[in-house]
Amino acid sequence: MDIKIIFIDFDWTIFDHRTYSINESTIEAIKQARNKGIKVIINTGRSYYSLLSKQVVRDLKVDGYVVNNGGACIINDSVLYAHYLNSELKDNIINFLIENKISYGINCLKYSYGKTFEQGNVNAFYSVFDEPRTLDISEYKNSDDVLSITYFEKSSFDEIFKSKFKDVRINRFFDTCVEVTSVPFLKKEGVKEVLKYFNIDREFSLSIGDDTNDIDMFNETKFSICVGNGKEELKKHATFISKDIKDNGIFDILKELKII
């Protein structure tokens, strides 16, 4: 297989939450791919702030990042694109959440800031997700553009929020947590823009993932691999299925396909 670029998800694809680490064989696979001149792009639902909080990510030295499920893309520390919230809309949402004493976070490109009114919903989120805590909202500079706003509340609040803000997208990705964006964020947009930036044809692209939010990424690349520990629904959309990542799944399948 003549592969020139690999788009790879982070959580449960290279980062194993059973060990809170990246398998050494996966690190070696990425290193060997890059040594062959293959571009490696992390394409994740995480924010840039969350990714770079991990030393293991910084040590990988990949060629770029598609973050926030396609909301923004960074290549060589430069922003290729970013879908920021309109400043007035951002202020209105924050003020509304404050008025209702709803805990929230604002996700800028390099940092995330937050205000907590009630600990229970916030702690429930952080007890499940391996994310760095937000910086205090007092540190936020109003000139920093905001990609998305997260609020921490049960689903009963969603209708109240949607009645006030009809032209935004809300994505409830956890029982007590919602992400608010100006447009739908999709991983495939990152794939399209990165292929265009590097002038690489889709025919030479591969994506690797584990969950259903990777389906649109799979559909945008020529080949795709669902890791063995991935969701059964995603496996239906994959060209290949690897072993579990804890069993050297990524390294072994890239070797088998003669990509590395």
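Right above here is the structure, for reference.
Residues numbered from 1 in each chain as written. Predicted model: local features only at pLDDT ≥ 70, side-chain atom pairs only at ≥ 80, totals over all residues. Heavy atoms only, no water.

(A) Broad picture of the layout of surface pockets. In this structure, the largest pocket occupies an estimated 970 Å³ of space. For the largest pocket, the lining is made up of 38 residues, of which Asp 11, Gly 45, Phe 129, Glu 131 and Phe 173 are closest to its centre. Secondary structure elements with two or more residues in the lining of the largest pocket: α2 (48–52), β8 (103–107), α5 (119–128), β11 (148–152) and β12 (169–174). For the lining of the largest pocket, the class distribution of residues is ten nonpolar, 18 polar and ten charged. Taken as a whole, the second largest pocket holds about 200 Å³ of empty space. Around the second largest pocket, the lining residues are Tyr 48, Leu 52, Arg 58, Lys 61, Val 62, Asp 63, Gly 64, Tyr 65, Ile 74, Asn 76 and Asp 77. When its residues are assigned to classes, the lining of the second largest pocket shows five nonpolar, two polar and four charged. (1 Å grid on protein atoms, 1.4 Å probe; cavity = no way out; pocket = protein on both sides within 12 Å on 5 of 7 lines; lining within 4 Å. Points joined across faces, edges and corners; volume = space filled by probe spheres on them. Helix = DSSP H or I, 4+ residues; strand = E, 2+ residues; numbered from the N terminus. Nonpolar A, V, L, I, M, F, W, Y, C, P; charged D, E, K, R; others polar.)

(B) Examining empty space enclosed by the protein more closely. Inspection of every chain in the model, using the stated rule, returns one cavity of 30 Å³ or more. Its volume calculated, the largest cavity comes out at about 50 Å³. In terms of lining, the largest cavity is formed by Ile 6, Ile 8, Ala 29, Ile 30, Ala 33, Val 40, Ile 208, Ile 250 and Leu 254. Listed by contribution, the elements that provide at least two residues to the lining of the largest cavity are β1 (5–8), α1 (24–35) and α10 (249–256). At three residues, the largest contribution of residues to the lining of the largest cavity is made by α1. Within the lining of the largest cavity, the residues separate by chemical class into nine nonpolar, no polar and no charged.

(C) The sheet that holds strand β7 (residues 78–82), seen in detail. With mixed pairing, the eight strands of this open sheet are ordered in space as β7-β6-β5-β4-β1-β14-β15-β16. Lying at the two open borders of the sheet, with one neighbouring strand each, are β7 and β16 (240–241). By the bridge criterion, four bridges tie strand β5 (residues 64–67) to strand β6 (residues 72–75) in an arrangement that is antiparallel. Each bridged residue has a counterpart across the sheet, and for Val 66 the counterpart in β6 is Cys 73. Contacting β1, β4 (39–43), β5, β6, β7 and β14 (205–209), helix α7 (residues 187–198) crosses the sheet at an angle of about 155° to β1. (Pairing = 2+ DSSP bridges. Contact = heavy atoms within 4.5 Å. Axes fitted to C-alpha atoms, helices over the stretch in contact; angles between N-to-C directions.)

(D) Looking closely at the sheet that holds strand β9 (residues 112–115). Strand order in the open sheet formed by six strands is β10-β9-β8-β11-β13-β12, and the pairing between neighbours is mixed. Only two strands of the sheet have a single neighbouring strand rather than two, namely β10 (135–136) and β12. Relative to β10, β9 is paired through two bridges, and the arrangement is parallel. When the bridges of β10 are listed, Gly 114 appears paired with Asp 136. Sitting on the sheet, helix α4 (residues 87–99) touches β8, β11 and β13 (177–181), and the angle it makes with β11 is about 10°.

(E) Main features of the pairing of β13. A large share of β13 lies buried, amounting to five of its five residues. Both faces of β13 are covered, namely the face carrying Cys 177, Glu 179 and Thr 181 and the face carrying Val 178 and Val 180. Relative to β13, β11 runs antiparallel, the two being bridged by three bridges. Paired with Ile 149 across the two strands is Val 180, which belongs to β13. (Buried < 20%, exposed > 50% of the residue type's maximum accessible area, 1.4 Å probe, protein only.)

(F) Inspection of the state of the cysteines at higher detail. Going through the model one piece at a time under the given rule, you end up with zero disulfides. This cysteine, Cys 108, is not joined by any disulfide, and Cys 177 carries the nearest cysteine sulfur, 16 Å off. (Disulfide = S-S within 2.5 Å.)

(G) Representation of unusual backbone geometry. Positive phi, normally seen in glycine, also occurs at Asn 68, with a value near 55°. In this fold, Asn 68 is placed in the loop between β5 and β6. Overall, Asn 68 belongs to the buried group, its relative accessible area being 2%. The backbone of Asn 76 shows a phi angle near 50°, a positive value even though the residue is not glycine. Among the secondary structure elements, Asn 76 is positioned in the loop between β6 and β7.

(H) Structural context of the nonpolar core. Counting 36 residues, the largest nonpolar core has Ile 6, Ile 42, Ile 250 and Ile 259 as its most contacted members. Element by element, the count of residues in this core is highest for α10, at four residues. What Ile 250 contacts, discounting residues up to four positions off in sequence, is Ile 8, Thr 13, Ile 14, Thr 26, Ala 29, Ile 208, Val 227 and Ile 245. Formed by 20 residues, the second largest nonpolar core is a distinct cluster that contains Tyr 113, Phe 157, Val 168 and Val 180. (Core = buried A, V, L, I, M, F, W, Y, C linked by side-chain atoms within 4.5 Å.)

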